[in-house]
Amino acid sequence: MEKVIVEEHKENIENKEPVTKIQGLYDRVNISVKALDRIIFGGLALIVFMIIISL
Amino acid sequence: MVFKNLKFRINEFKEMDSKDRNRLIKETLINNSLLIFMLIAIIYIQIQRPQFLSRESIINIVSLSASAMPLALGVAGAIILTGTDLSAGRIVGLTACISASLLQAVDYSNKMFPDLPAIPIIVVFLLVIALGALIGFVNGFCVSKFSLHPFIVTLATQLMVYGVILMYLMNGDNNGQSISGLSSGFTELIKGSLFRIGGTPVPNYVLMAIVLTAVMWVVWNKTSFGKNMFAVGSNPEAANVSGVNVALTITLVFTLAGALYAFSGFIEAARIGSNSANTGLNYELDAIAACVIGGVSFVGGIGKIRGVVLGVVLLKLIFVGLNFLSVSVNMIYIIKGLIILVACAIDMRKYLVRK
């Protein structure tokens, strides 16, 4: 787990910016939230599209 | 109390720095995106079809919502326990068919049971409520005692209840036909009206749904059973350690849900007037969608009565509105599915952000 997080933040580590384990985990949660945002807005856009084409 | 809370929130918002403020606005907009979308859709439909929000149309929407309300309140309890109930629609169908068959007019020529004398309405009502509660009890017992997933248990019950409906409709002289010719006393009790709004009659079942919603609010918020339900939904282990009888709570929630479906079935029998094996088909999907839109979380332990009411009314508003726009029925199924998907994504998003 830590290895993966270190890999992900390799660039930051090389720049000597501190990266904590929590930060890495937070990034993971954030990715899921972003994916859900896409589903929400994509779904709403699709509903609008469906209504428009059926009018 | 509400204003005090609002004032506190406004002050809290004012004290935030611009970054936090922007984030809060963004989160609020995304969390309520479906509601905002629905409100915009309603405004658009009203502009396109001014008769959409006429008095008659609003009473029609309220009536449709009222008939779906007991079902949604029952399903909401199951969802709060991190479960679901797929048997809801079929229980509505079975109880509607039984109510209709026992309350046919005595002089109706195609009676299902020709020799059956007139039965008091209250007896039939108590009978179907007991039957619904019994099916709900079986669901709850299997979920709590055998630790089976509610999805599978209620799927099995759904199929079994459907089989029972088909067999029941073959009884007497009916031979599988729809049951109609209901007694005037029964239809008058449900569809008659005690008062009118601007000359438009408001059916009695709207009043029944309002009373039932008030009773359910008390059960959810003011009784130890309601508090136990939320505790079990949030964390069953913690609830168990705190002395809550988890198995009994789960069983009671499903039993109560079964009784509520039966109440819906009793109303539907008179409202539809002609009951067949298809009565109640897919009702549970609308109820689940209404609950999720109203903020009842699949994560468990979260949900409010006002959310369920809002979800039911908004969903009916949208579907009646789409009918006003002459959107095809096939397309409405797709839109319904998308609404459920978006509502679930919003629910999950709220959970992740809170975590």
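Since this is a predicted model, take the numbers as computed values, not measurements. (Residues numbered from 1 in each chain as written. Chains lettered and ligands numbered in written order. Predicted model: local features only at pLDDT ≥ 70, side-chain atom pairs only at ≥ 80, totals over all residues. Heavy atoms only, no water.)

Further remarks concern the overall build of chain A. Looking only at helices and strands, chain A features three helices and zero strands. In sequence order, the secondary structure elements of chain A are arranged as α-α-α. Taking all 55 residues of chain A together, the buried fraction comes to 24%. Accessible surface, chain A as shown: approximately 4200 Å² in total, 62% of it carbon and sulfur. (Helix = DSSP H or I, 4+ residues; strand = E, 2+ residues; numbered from the N terminus. Buried < 20%, exposed > 50% of the residue type's maximum accessible area, 1.4 Å probe, protein only. Areas by Shrake-Rupley, 256 points an atom, 1.4 Å probe, with all protein chains shown as cover.)

Before going further, it helps to spend a moment on the nonpolar core. Formed by 116 residues in total, the largest nonpolar core has its most connected members in Trp-220, Val-308, Ile-335 and Ile-339 of chain B. Sorting elements by how many residues they give to this core places helix 12 (residues 246–272) of chain B first, with 14 residues. (Core = buried A, V, L, I, M, F, W, Y, C linked by side-chain atoms within 4.5 Å.)

Another aspect to go through is the interface of chain A and chain B. Taken together, the contact pairs 18 residues of chain A with 22 residues of chain B. Here chain A is connected to chain B by one salt bridge. When the shortest N-O distance is used, the salt bridge between Asp-37 of chain A and Arg-349 of chain B registers 2.4 Å. There are one residue pair in polar contact (both at pLDDT 80 or more) connecting chain A and chain B. (Contact = heavy atoms within 4.5 Å. Salt bridge = Lys/Arg side-chain N within 4 Å of Asp/Glu carboxyl O. Polar contact = N/O pair within 3.5 Å; in protein donor to acceptor, adjacent residues only side chain to side chain.)

Taken from the UniProt record, the annotation "transmembrane region" (unreviewed entry) applies to residues 35–53 of chain A. The span residues 35–53 of chain A is 100% helix and 0% strand, and its two end C-alpha atoms sit 26 Å from each other. (UniProt positions renumbered as here; feature names shortened; annotations may be inferred.)

Residues and elements named next belong to chain B. At a minimum axis separation of 9 Å, helix 8 (residues 184–191) and helix 12 run at an interaxial angle of 110°. Considering their axes alone, helix 8 and helix 12 lie roughly perpendicular with respect to each other. When helix 8 is examined against helix 12, the residues Phe-186, Thr-187, Ile-190 and Lys-191 are found in contact with a partner set consisting of Phe-266, Ile-267, Ala-269, Ala-270 and Arg-271. (Axes fitted to C-alpha atoms, helices over the stretch in contact; angles between N-to-C directions. Parallel < 35°, antiparallel > 145°, perpendicular 65-115°, else oblique.)

This part takes up the confidence of the model for chain B. Detailed reading of the predicted coordinates is not advisable wherever pLDDT falls low. All names here are of chain B. In the predicted model, chain B carries a mean pLDDT of 90, and the fraction of residues at 70 or more is 99%. Looking over chain B, one finds the lowest element-wise mean pLDDT in helix 1 (residues 2–15), namely 74, and the highest in helix 6 (residues 121–145), namely 96. We note a pTM of 0.85 for the whole complex and an ipTM of 0.75 for its interfaces. (pLDDT = per-residue confidence, 0-100.)

Let us look at helix 7 (residues 150–169) of chain B. The end-to-end C-alpha separation of helix 7 of chain B is 28 Å, in line with the 28 Å expected for 20 residues at 1.5 Å each. Residues of helix 7 of chain B that are buried sit in contact with helix 5 (88–102), helix 6, helix 12 and helix 13 (283–293) of chain B. (Expected span 1.5 Å × (residues − 1).)

All names here are of chain B. By the definition in use, this model includes eight aromatic pairs over all chains. Arranged with centres 5.4 Å apart and planes meeting at 65°, the rings of Phe-52 and Phe-324 form a pair that is edge-to-face. Of the two residues, Phe-52 sits in the loop between helix 3 (33–48) and helix 4 (55–80) while Phe-324 sits in helix 14 (residues 305–324), which places them 272 residues apart along the sequence. Aromatic rings pair up to connect Phe-125, Phe-186, Phe-263 and Phe-266 into one cluster. Its end group placed over the ring of Tyr-162, Arg-90 keeps NZ or CZ at 3.8 Å from the ring centre. Here Lys-336 stacks its cationic end above the ring of Phe-319, 5.1 Å away from the centre of that ring. (Phe/Tyr/Trp six-rings, centres within 6.5 Å; stacked < 30°, edge-to-face > 60°. Lys NZ or Arg CZ within 6 Å of the ring centre and 35° of its normal.)

Attention now moves to empty space enclosed by the protein. All names here are of chain B. Taken as a whole, this structure holds one cavity of 30 Å³ or more when the rule is applied. Lining the largest cavity we find Leu-73, Gly-74, Gly-77, Met-216, Trp-220, Phe-225, Met-229, Val-253, Leu-256, Ala-257 and Leu-260. Listed by contribution, the elements that provide at least two residues to the lining of the largest cavity are helix 4, helix 9 (204–222), helix 10 (224–234) and helix 12. With four residues, the single largest contributor to the lining of the largest cavity is helix 12. Broken down by class, the residue content of the lining of the largest cavity amounts to nine nonpolar, two polar and no charged. (1 Å grid on protein atoms, 1.4 Å probe; cavity = no way out; pocket = protein on both sides within 12 Å on 5 of 7 lines; lining within 4 Å. Points joined across faces, edges and corners; volume = space filled by probe spheres on them. Nonpolar A, V, L, I, M, F, W, Y, C, P; charged D, E, K, R; others polar.)

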